Amino acid sequence: MHERYFVERVPNYVGGRWTASANPEHVPVTNPATGEPLGAVPMGAASDVNDAVQAARTAFPAWRDIPAQTRARFLFDLRDRMEQNFAELVSICTQEHGKTLEESRGDVRRAIDNVEAACGMPAAMLAAGGALEQIAGGVDCHSVRQPMGVFAVIAPYNFPSMVPFWFLPYAIASGNTVVVKPSEQVPFSQHRLFQLLHETRLPPGVVNLVNGAREVVNGMVEHRDIAGVSFVGSSPVASHVYERCGATGKRVQALGGAKNFAAVMDDCDWEKTVANLVDSAMGCAGQRCLALSAVIGVGQAYGELRRRLPEALGKVNVGYGMDPGVTMGPVISARHRERILAAIDRGQREGATLLVDGRTRKVGAYPRGHWIGPTLFAGVLPEMTVAREEIFGPVLCLMQAADIDEALRMVHAHPLANASSVYTSSGAHARRWCREVDASMVGVNIGVAAPMAFFGFGGAKGSFFGDLKAHGREQVQFYTQNKTSIVRWW
Ligand code: NAD
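This is a predicted model, so every value here is computed, not measured.

Let's talk about the overall build of the protein chain
Working step 1: The secondary structure content of the protein chain amounts to 16 helices and 22 strands.
Working step 2: For 490 residues, the compact-globule formula gives about 23 Å, and the C-alpha radius of gyration of the protein chain, at 23 Å, lands near that figure.
Working step 3: Burial statistics for the protein chain: of 490 residues in total, 59% are counted as buried.
Working step 4: Sequence separation of at least 24 residues holds for 74% of the intrachain contacts in the protein chain that already meet a minimum separation of 6.
Working step 5: Only carbon and sulfur atoms are counted for the fraction: they give 51% of the accessible area of the protein chain, which is about 19700 Å².
Working step 6: A distance of 3 Å separates the average location of the 48 positive side-chain charges in the protein chain from that of its 47 negative side-chain charges.

Re the pattern of salt bridges
Working step 1: Evaluated as defined, the whole model comprises 24 salt bridges.
Working step 2: Arg-346 is the partner of Glu-389 in a salt bridge, and the nearest nitrogen-oxygen pair spans 3.3 Å. Taken together, the residues Glu-389 in the loop between helix 13 (385-388) and strand 16 (395-401) and Arg-346 in helix 12 (residues 334-349) connect sequence positions 43 residues apart.
Working step 3: With relative accessibility at 27%, the residue Arg-346 sits in the partly exposed group.
Working step 4: The network of salt bridges with shared partners includes Arg-79, Asp-80, Glu-83, Arg-109 and Glu-116.

Re the pairing of strand 11 (residues 251-255)
Each regular strand displays side chains that alternate between the two surfaces of the sheet.
Working step 1: Buried residues dominate strand 11, accounting for four of its five residues.
Working step 2: Note: strand 10 (residues 228-232) against strand 11, five bridges, orientation parallel. Within the sheet, the bridge partner assigned to Ser-230 lies in strand 11 and is Gln-253.
Working step 3: In this fold, the crossover linking strand 10 to strand 11 by way of helix 9 (residues 235-247) has right-handed handedness.
Working step 4: Alignment of strand 11 against strand 21 (residues 464-465), held across two bridges, turns out to be antiparallel. Among the inter-strand pairings, Ala-254 is bridged to a residue of strand 21, identified as Phe-465.

A look at the site of the ligand
Working step 1: Close contacts around the ligand come from 26 residues, with Ala-155, Glu-184, Ser-234, Gly-256 and Glu-390 the closest.
Working step 2: The contact in question runs from an oxygen atom of the ligand to an N or O atom on the backbone of Ala-155, over 2.7 Å.
Working step 3: Taking Glu-390, its side chain carries an N or O atom lying 2.6 Å from an oxygen atom of the ligand.
Working step 4: Taken by itself the ligand offers 840 Å² of open surface, and the protein chains cover 87% of this.
Working step 5: Residue contributions to the shell around the ligand peak at three residues, all from helix 8 (residues 214-222).
Working step 6: For the shell around the ligand, the per-class residue count stands at 15 nonpolar, seven polar and four charged.

Some remarks on the sheet that holds strand 15 (residues 375-378)
Working step 1: Pairing is mixed in the open sheet, where seven strands are placed in the order 14-15-16-13-12-18-19. With partners counted over all chains shown, the strands left at the sheet margins are strand 14 (353-356) and strand 19 (441-444), one partner each. Across this sheet, the average inter-strand angle for adjacent strands is 25°, counted without regard to direction.
Working step 2: Alignment of strand 12 (residues 260-264) against strand 18 (residues 419-423), held across four bridges, turns out to be parallel. Paired with Ala-263 across the bridge in strand 18 is Val-422.
Working step 3: Packing against the sheet, helix 12 makes contact with strand 14, strand 15 and strand 16, and its axis sits at approximately 25° to strand 15.

What counts as what
- Residues numbered from 1 in each chain as written.
- Predicted model: local features only at pLDDT ≥ 70, side-chain atom pairs only at ≥ 80, totals over all residues.
- Heavy atoms only, no water.
- Helix = DSSP H or I, 4+ residues; strand = E, 2+ residues; numbered from the N terminus.
- Rg over C-alpha atoms; globule rule 2.2 N^0.38 Å.
- Buried < 20%, exposed > 50% of the residue type's maximum accessible area, 1.4 Å probe, protein only.
- Contact = heavy atoms within 4.5 Å.
- Areas by Shrake-Rupley, 256 points an atom, 1.4 Å probe, with all protein chains shown as cover.
- Lys, Arg positive; Asp, Glu negative; His and termini not counted.
- Charge placed at Lys NZ, Arg CZ, Asp CG, Glu CD.
- Salt bridge = Lys/Arg side-chain N within 4 Å of Asp/Glu carboxyl O.
- Pairing = 2+ DSSP bridges.
- Right-handed = clockwise from strand over helix to strand, strands pointing away.
- Near = heavy atom within 4 Å.
- Polar contact = N/O pair within 3.5 Å; in protein donor to acceptor, adjacent residues only side chain to side chain.
- Nonpolar A, V, L, I, M, F, W, Y, C, P; charged D, E, K, R; others polar.
- Axes fitted to C-alpha atoms, helices over the stretch in contact; angles between N-to-C directions.

Dropping the structure here:
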């Protein structure tokens, strides 16, 4: 039913042509559930970056001269091609990442949403400037937003289609050219999407793809012909990218890691809340930057959560995302699985109570999968490592607060601040959480507070380095600079 996607050596796409990396070192990529080989990805080289940047730089002057609505037509075409190939893109995502088909549908759908939002870029609300006449006798003033040149897009592994498409459509719609580097752990979705981009007959060099790992990233942040960088990944790398871009005079937006807290009030709707919490924490096997990984039971709610969560977690059906009825897939790699297991061990050693233990979970039909079952700690204290560090796996920490003030203090004490949620039937509690919590994406009775393509996406504090967020209007601002002309005709 779902054909295996296999690319023996994933090529780069530079100047409208598929090319081999200058680095002969290739690393095999396998399906994280079945262990089947999917192909191999090059580790990349600085000269790959250079070739792609030169192609993008050469394409820029002609591309920026094409009227905005004509540029947008390429994106309308791309959108149609993504819809026509939707099922295949979904299948590739599940094969390379391991998430369920339903989750992959969300991944590809969100990528399309961003293409659609960028199709509207010529519209006044997104890209237009402003004008004021007669600012002095016979003098008018007008401002426009202009593209800046070549932008680099660097992505993490957890949303193979969506995350690069938070950026690429807006960058090219606004007249820039781009070089995308997908995660070396999931190179195939972008490989297929670049085939679709190729079919739109975009002028060569407008979009370029360079595969690889840290050497490619470092080549990008140091490159003098790159005007700006959009990065998504863990906070230590985001911070490094931000610093190097600052030092080399680039525009930068670097979205980092997360430790998302929810407060559960005892006036919540219990059935819906518990189901929603499980979905949020275990979806994509916890590998989502919006996943709730710490739940604070406020007052009586703590005991209720302790009683209800184990049973609800027992219903999570772990397996290969292609198989019917599966609600949670594997984690991305053996190495990441080891990291998560070590975090669980540490939680136990530090005195948290392991209420549900997923460490030994196996899925019989797939002995080579990177399996971990849903895991729940109770009695977690803010100073414990499981409460402080991003685990990025199916591990939920249950904490206790006496009241909403203490819950807010616990959240605010954490250095990361991506998303946060509150579960309650009280408007007053919900309003307070929305106003006061220091995360930038907030859910009320929603466990994955994901802004749609028209609203800014990105966190605060140690979860975000930069100023303008991803998506929509802010993204257009990031990819353009203002020019103001003061005009007098004699
Ligand atoms: P990662 O930081 O390991 O990798 C991200 C990118 O940086 C990859 O393309 C990788 O090749 C590159 N990279 C890795 N190490 C590097 C280094 N030392 N120097 C230079 N480049 C390097 O992240 P990941 O494991 O792929 O993704 C998971 C992380 O991404 C989590 O921390 C998650 O919270 C975060 N994330 C954040 C958001 C958000 O919106 N804030 C969204 C998705 C994922």
